[in-house]
Amino acid sequence: MALLTFKGGIHPDDGKRLAKDKAIVDVKPTGDLVYPVSQHIGAPANPIVAVGDHVLKGQMIAEAGGFVSAPIYASVSGTVKAIAPHLNPTGGTVNSIVIENDGEYKEVEYPAVKPVDEMTKEEILNAIGNAGVVGMGGAGFPTRVKLSPKEPDKIDYIIANCAECEPYITADYRTMIETPEKLVEGMKIVLRLFDNAKGIFGVEDNKPDCIAKLKELTAGDPRLEVLALKTKYPQGGERQLIYATTGRAINSAMLPADAGCVVDNVATLVSIYQAVAEGKPSMERVVTVSGDAVNEPGNFRVPFGMNQAELVEAAGGFKTEPEKLISGGPMMGFAMFSLDVPVTKTSSSILGFTKDEVAKFEPTACINCGRCVDACPSRLIPSRLADYAEHHDEETFTKHNGLECMECGSCSFVCPAKRQLKQAIGSMRKIALANRKKKK
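Residues numbered from 1 in each chain as written. Predicted model: local features only at pLDDT ≥ 70, side-chain atom pairs only at ≥ 80, totals over all residues. Heavy atoms only, no water.

### Some remarks on the UniProt feature "binding site: [4Fe-4S] cluster 2" (unreviewed entry) in the protein
Thinking step 1. Those residues carrying the UniProt feature "binding site: [4Fe-4S] cluster 2" (unreviewed entry) are Cys376, Cys405, Cys408 and Cys411 in this numbering. On the basis of their most widely separated C-alpha atoms, the annotated residues across 36 residues gather in one place, lying no more than 10.6 Å apart. Those annotated residues from the list above that line the largest cavity are Cys376, Cys405, Cys408 and Cys411.
Thinking step 2. With respect to the helices and strands, Cys376 occurs in the loop between helix H9 (371–375) and helix H10 (382–390).
Thinking step 3. For Cys376, the contacting residues outside a window of four places in its chain are Lys7, Gly8 and Pro382.
Thinking step 4. When its relative accessible area of 7% is taken as the criterion, Cys408 is described as buried.
Thinking step 5. Cys408 has contacts with Tyr233, Pro234, Met331, Met332 and Pro377, leaving out every residue within four places of it along the chain. (UniProt positions renumbered as here; feature names shortened; annotations may be inferred. 1 Å grid on protein atoms, 1.4 Å probe; cavity = no way out; pocket = protein on both sides within 12 Å on 5 of 7 lines; lining within 4 Å. Helix = DSSP H or I, 4+ residues; strand = E, 2+ residues; numbered from the N terminus. Contact = heavy atoms within 4.5 Å. Buried < 20%, exposed > 50% of the residue type's maximum accessible area, 1.4 Å probe, protein only.)

Structure follows, in structure tokens:
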């Protein structure tokens, strides 16, 4: 049987061998913890603590700032030291709550949890929203909002994104190996919200052990299915995953719900389980620390707010000063100039590389080879779109479907001329989207 996949895509060296066999290690920070009030798409959370307040682990420190927002909880006990702007992993400055860690990790008493099978749909949604669960695959969209489409009866598929196609990242892989039960139970909780939906676990075929574990746990349940996907980047992209698993296509003007689908990644579904079944707020996540500059690459369960420099030290520090630091994956992550930033709800990995492979290349003229066209999963012509972007021709850029770009970087990866295609297209795309919003 042919493996499920999509058109286009690339096969970069996945680098996962560095950390895939390293079990998840729990890390307790010793320094101050920094909680940006905007760790999600939507309105920033509003601080409900003041400087000098003593807080406990699991205590809400910022409440949701609106319907499309999410609360934030302390992941340690200690004293609120400051509420001030602080650098975040993407390089911006965000208002943040700083807590001086007392090292005692005293925790709040969580309210008694109602059995899941006795909960109404509204109670499940409220538990997810109150726990501050957001999409932890990178977007950070508040999960309660995602699970509240206008027409829930028209949702046919809940898709667990188990692809983890970004090179080097193995956090989801280790979660699937070590605690697959939480992932499956998280899926079952989401299915309780959608009467007509079926749950799909889409796993790349380079993870046969995960496929076997999930098939064992879902055997006999007619609403759950595990599908093996062809190992190819960006298989974990939302549009690509939906197409590979259901054959349905969406574009930039549509939400997955418009195609009858809801997509959540592994870490999000585990957080849903912990919020609903255990009554615990979202306070930690698994982060991969890897790259050839790291002494002991591995996977770590990290409290939100922990300093990333301290996390790298937990991985043995650097062998040598890295030329390149990346928050997230090498294809779609953000280059960092400092590790003095906190782990947030969307921090999937920290990568350190001895060489900055991209910076050493000097772009040359396009040779019209068409490789970027073959690689583009959105079926665009990246070389032309980059030309329009470089000439600030927003009208032609939009006319030729530039907004359909998902900024996966496949075009830049295959370009023999080493043109910065993704960067040019991504910049123009942001300008075009901002201008479109102004006109509304």
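### Regarding unusual backbone geometry
Among all residues save glycine, negative phi is the norm, and among peptide bonds the norm is trans.
Thinking step 1. In this structure, the amide linkage connecting Tyr233 to the following residue, Pro234, adopts the cis form with an omega of 0°.
Thinking step 2. Within the element layout of this structure, Pro234 appears in the loop between strand E11 (224–229) and helix H6 (238–246).
Thinking step 3. In this structure, Asn401 takes a positive phi of about 65° despite not being glycine.
Thinking step 4. Looking at the secondary structure, you find Asn401 in the loop between helix H11 (394–399) and helix H12 (410–414).

### Some words on the packing of helix H1 (residues 121–130) against helix H7 (residues 266–277)
Thinking step 1. It is the contact of H1 with H7, at a shortest axis distance of 9 Å, that shows an interaxial angle of 110°. Overall, the two elements H1 and H7 adopt an arrangement that is roughly perpendicular. Judged by the sense of rotation from one axis to the other, the crossing of H1 with H7 is right-handed. Taken together, the residues of H7 that come into contact with H1 (itself represented by Ile124, Ala127 and Ile128) are Ile272, Ala275 and Val276.
Thinking step 2. Within the contact of H1 with H7, the residues separate by chemical class into six nonpolar, no polar and no charged. (Axes fitted to C-alpha atoms, helices over the stretch in contact; angles between N-to-C directions. Parallel < 35°, antiparallel > 145°, perpendicular 65-115°, else oblique. Left-handed = near helix turned anticlockwise from the far one by under 90°. Nonpolar A, V, L, I, M, F, W, Y, C, P; charged D, E, K, R; others polar.)

### Looking at the UniProt feature "binding site: [4Fe-4S] cluster 1" (unreviewed entry) in the protein
Thinking step 1. Taking the numbering used here, the UniProt-annotated feature "binding site: [4Fe-4S] cluster 1" (unreviewed entry) corresponds to Cys366, Cys369, Cys372 and Cys415. A maximum C-alpha distance of 10.6 Å among these annotated residues, which run over 50 residues, shows that they cluster at one spot.
Thinking step 2. Relative to the helices and strands, Cys366 is located in the loop between strand E17 (349–353) and H9.
Thinking step 3. The residues touching Cys366, leaving out its near neighbours within four places in the chain, are Ser383 and Arg419.
Thinking step 4. Structurally, the position occupied by Cys415 is in the loop between H12 and helix H13 (421–439).

### Here's the deal with the sheet that holds strand E3 (residues 46–47)
Thinking step 1. Reading across the sheet, the three strands line up as E3-E5-E6 and stay open at both edges, with antiparallel pairing between neighbours. Single-partner strands in this sheet number two, and they are E3 and strand E6 (72–73). (Pairing = 2+ DSSP bridges.)

### Concerning the packing of aromatic side chains
Thinking step 1. A full pass over the atoms with the stated rule returns one aromatic pair.
Thinking step 2. Seen in terms of ring centroids, Tyr168 and Phe353 are 5.0 Å apart; in terms of plane orientation they differ by 75°. Their pairing is edge-to-face. Of the two residues, Tyr168 sits in the loop between strand E9 (157–161) and helix H3 (171–178) while Phe353 sits in strand E17, which places them 185 residues apart along the sequence. Phe353 carries the same exposure label as Tyr168, and that label is buried.
Thinking step 3. Lying across the ring of Tyr105, Lys28 places its NZ or CZ 4.7 Å from the centre.
Thinking step 4. Above the ring of Phe361, the side-chain terminus of Lys418 is found at 4.7 Å from the ring centroid. (Phe/Tyr/Trp six-rings, centres within 6.5 Å; stacked < 30°, edge-to-face > 60°. Lys NZ or Arg CZ within 6 Å of the ring centre and 35° of its normal.)

### Notes on the pattern of salt bridges
Thinking step 1. All chains considered together, the criterion is met by 23 salt bridges.
Thinking step 2. Residue Glu407 is joined to Lys430 by a salt bridge in which the shortest nitrogen-to-oxygen separation is 3.2 Å. One end of the pair, Glu407, is in the loop between H11 and H12; the other, Lys430, is in helix H13, with 23 residues separating them in the sequence.
Thinking step 3. Given the relative accessible area of 14%, Glu407 is considered buried.
Thinking step 4. Residues joined by salt bridges that share partners form a network here, namely Arg384, Asp387, Glu390 and Arg419. (Salt bridge = Lys/Arg side-chain N within 4 Å of Asp/Glu carboxyl O.)

### Here we look at the nonpolar core
Thinking step 1. Within the largest apolar cluster, 40 residues are counted, with the highest numbers of intra-cluster contacts made by Leu147, Ile158, Leu183, Phe194, Phe201, Ile272 and Val276.
Thinking step 2. Mapped onto this core, the elements with two or more residues apiece are H1, E9, H3, helix H4 (180–191), strand E10 (198–204), helix H5 (208–218), E11 and H7.
Thinking step 3. The leading source of residues in this core is H7, at seven residues.
Thinking step 4. Discounting chain neighbours no more than four positions away, the residues touching Leu183 are Cys162, Met176, Phe201, Leu214, Val266, Leu269 and Val270.
Thinking step 5. Grouped together as the second largest cluster of nonpolar side chains are 18 residues, Ala45, Ile99, Ala267 and Phe304 included. (Core = buried A, V, L, I, M, F, W, Y, C linked by side-chain atoms within 4.5 Å.)

### With respect to empty space enclosed by the protein
Thinking step 1. Enumeration according to the criterion identifies one cavity of 30 Å³ or more in this entry.
Thinking step 2. Empty space within the largest cavity amounts to approximately 100 Å³.
Thinking step 3. Going through the elements one at a time, H10 and H12 are the ones with two or more residues in the lining of the largest cavity.
Thinking step 4. Partitioned by chemical class, the residues of the lining of the largest cavity number ten nonpolar, three polar and one charged. (Points joined across faces, edges and corners; volume = space filled by probe spheres on them.)

### Some details on the sheet that holds E9
Thinking step 1. If you trace the four strands from one edge of the open sheet to the other, you get E11-E10-E9-E12, paired in parallel fashion. Strand pairing shows two members of the sheet lacking a second neighbour, E11 and strand E12 (261–265), which therefore form its edges. Strand-to-strand twist in this sheet, taken as the mean axis angle between neighbours without regard to direction, amounts to 25°.
Thinking step 2. For E10 and E11, the ladder comprises six bridges, and the chain directions are parallel. By the bridge assignment for E11, Gly199 is matched with Leu224.
Thinking step 3. H7 contacts E9 and E12 of the sheet and is inclined by roughly 90° relative to E12.

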